[in-house]
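Here's the letter readout for the chains.
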Amino acid sequence: MNFLQRYQESLGVSPDGIIGPNTMKVMMADMDWDDPKAFVHGLGQARLESGGFTFFRESMNYPPDRILAMFNNKKITRFTKAEAVEYGRTDRHPANQPMVANIAYANRGGNGDRNSGDGWRFRGGLAIQITFRNNWEAFMEFCGLPKDTDPQSLETNFRAYFMSIKFYFTRNNVGRFCGDYRDWE
């Protein structure tokens, strides 16, 4: 079962992985979300980011060339080639995923340096892939949870998994960009 099916089951609707009118109504009521167009757009975005609601946390299992392409740019070098080879996935060894996250996300969004462990602890998670300490703490507050709640502890909190969508759309006022869902017909 993916996270959508588990959430459906917890809500007492058919855990079929389909968001029909009844599931949509029940999910929106449970999340106290009154904007159907933002809800539908949010689910689409989250479905993409979460591999069809199958991923809970961001994988940092990248080969060296991907690490360099994703986390370095013309202005910022987060990884040296040597670090990418040392920590990235190769034919000879698996990726050191915590270290990749710790370097990639160090000193950003409220995270500490690469030795703090914050990159791994506050890497992408939930349906919308919330990343960085500041965003995780704001999400916990949004859900009425203590700010220091460990993100990993939410793995079986299916409501929180989907509340991440509402959090992101509300916090960033994304709904204003969503067209009327009735125009899709």
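Residues numbered from 1 in each chain as written. Predicted model: local features only at pLDDT ≥ 70, side-chain atom pairs only at ≥ 80, totals over all residues. Heavy atoms only, no water.

A.B. asks: What's the story with the pattern of salt bridges in this structure? I'm lost.
C.D. replies: Under the definition given, this model contains five salt bridges. Among the ionic pairs, arginine 159 bridges to aspartate 30, the shortest N-O distance being 3.2 Å. Pair noted here: arginine 159 is in helix 9 (residues 158-171) and aspartate 30 is in helix 2 (residues 21-31), with a separation of 129 residues, a long-range link. Aspartate 30 gets classed as partly exposed once you look at its relative accessible area, which sits at 26%. A salt bridge links arginine 133 to glutamate 137; its shortest N-O distance comes to 3.5 Å. Residue arginine 133 and its partner glutamate 137 are both found in helix 8 (residues 133-142); the two are separated by four residues, about one turn of the helix. Residue classification places arginine 133 among the partly exposed positions, given a relative accessible area of 24%. Connected via shared salt-bridge partners are Asp118, Arg121, Arg133 and Glu137. (Salt bridge = Lys/Arg side-chain N within 4 Å of Asp/Glu carboxyl O. Helix = DSSP H or I, 4+ residues; strand = E, 2+ residues; numbered from the N terminus. Buried < 20%, exposed > 50% of the residue type's maximum accessible area, 1.4 Å probe, protein only.)

A.B. asks: Help me out: how do you make sense of the nonpolar core in this one?
C.D. replies: Side chains of nonpolar character tend, in soluble globular proteins, to be buried together. If you look at the biggest cluster of nonpolar residues, it comprises 34 residues, and the most contacted ones within it are Phe139 and Phe162. Of all elements in the fold, only helix 1 (3-11), helix 2, helix 3 (36-49), helix 8 and helix 9 reach the threshold of two or more residues within this core. It is helix 9 that contributes the most residues to this core, eight residues altogether. Other than its neighbours up to four places away in sequence, phenylalanine 139 contacts Leu126, Ile130, Leu154, Ala160, Met163, Ser164 and Phe167. Of all hydrophobic cores here, the second largest spans 14 residues; its members include Met60, Ala84, Tyr105 and Phe132. (Core = buried A, V, L, I, M, F, W, Y, C linked by side-chain atoms within 4.5 Å. Contact = heavy atoms within 4.5 Å.)

A.B. asks: Is there a simple way to explain helix 1 in this structure?
C.D. replies: Side chains that are three or four residues apart share a direction in an α-helix, a result of its 3.6 residues per turn. Inspection of helix 1 places Phe3, Leu4, Gln5, Tyr7 and Gln8 among the buried residues, and these make up the whole buried set. Next to the buried residues of helix 1 lie helix 2 and helix 9. Between the side-chain oxygen of the N-cap and the backbone nitrogen of leucine 4 there are 3.0 Å, and the N-cap of helix 1 in question is asparagine 2. (Polar contact = N/O pair within 3.5 Å; in protein donor to acceptor, adjacent residues only side chain to side chain.)

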